[in-house]
Amino acid sequence: MKESVDPEHADMVGEYISKIEDTEISLDSGDVAKFLKAGIKERKGKYMLIYRYQLIK
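Residues numbered from 1 in each chain as written. Predicted model: local features only at pLDDT ≥ 70, side-chain atom pairs only at ≥ 80, totals over all residues. Heavy atoms only, no water.

Asks: Is there a simple way to think about the packing of aromatic side chains in this case?
Replies: The geometry of an aromatic ring pair is captured by the separation of the ring centres together with the interplanar angle, meaning the angle of the planes. Applying the stated criterion to the full structure yields three aromatic pairs. When the centroid spacing of 6.5 Å and the interplanar angle of 50° are considered together, the rings of Phe35 and Tyr53 count as tilted. One end of the pair, Phe35, is in strand E3 (residues 32–43); the other, Tyr53, is in strand E4 (residues 46–56), with 18 residues separating them in the sequence. Given a relative accessible area of 14%, Phe35 falls into the buried group. An aromatic cluster is present here, built from Phe35, Tyr51 and Tyr53 joined pairwise through their rings. (Phe/Tyr/Trp six-rings, centres within 6.5 Å; stacked < 30°, edge-to-face > 60°. Helix = DSSP H or I, 4+ residues; strand = E, 2+ residues; numbered from the N terminus. Buried < 20%, exposed > 50% of the residue type's maximum accessible area, 1.4 Å probe, protein only.)

Asks: Hey, could you run me through the nonpolar core in this one?
Replies: Here is a general trend for soluble globular proteins: nonpolar side chains tend to be buried in one another's company. The biggest cluster of nonpolar side chains holds eight residues, and these are Val5, Ala10, Ile17, Ile20, Phe35, Ala38, Leu49 and Tyr51. Secondary structure elements with two or more residues in this core: helix H1 (10–20), E3 and E4. (Core = buried A, V, L, I, M, F, W, Y, C linked by side-chain atoms within 4.5 Å.)

Asks: Sorry if this is basic, but what is going on with H1 here?
Replies: Quick reminder: α-helices carry 3.6 residues per turn. Residues three or four places apart thus point the same way. Buried residues of H1: Ala10, Ile17 and Ile20, and no others. Buried residues of H1, seen end-on, are gathered within an arc of 95° and therefore sit on one face of the element. Facing away from the buried side of H1 by more than 90 degrees, the exposed set consists of Asp11, Met12, Glu15 and Lys19. Summarising the contacts, the buried residues of H1 are in contact with strand E1 (2–5), strand E2 (24–26), E3 and E4. (Arc of directions from axis to C-beta. Contact = heavy atoms within 4.5 Å.)

Rendered as structure tokens:
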């Protein structure tokens with residue numbers, strides 16, 4: 001998945017997302033998502049949050 005990130009918040013988002021890598025998060029639907037990999041990528045002044053997750057039950 002990819003999400004754009006405001007350049008002003010890129011560092012803060014990057015720090016937060018690195019902390020939840022390899023953790024499981026309960027979703028409102030009752031499913032559980034395990035974050036496999038996440039990070040911020042910068043290209044031409046635009047920042048993107050790129051992450052992978054797996055739905056588990």
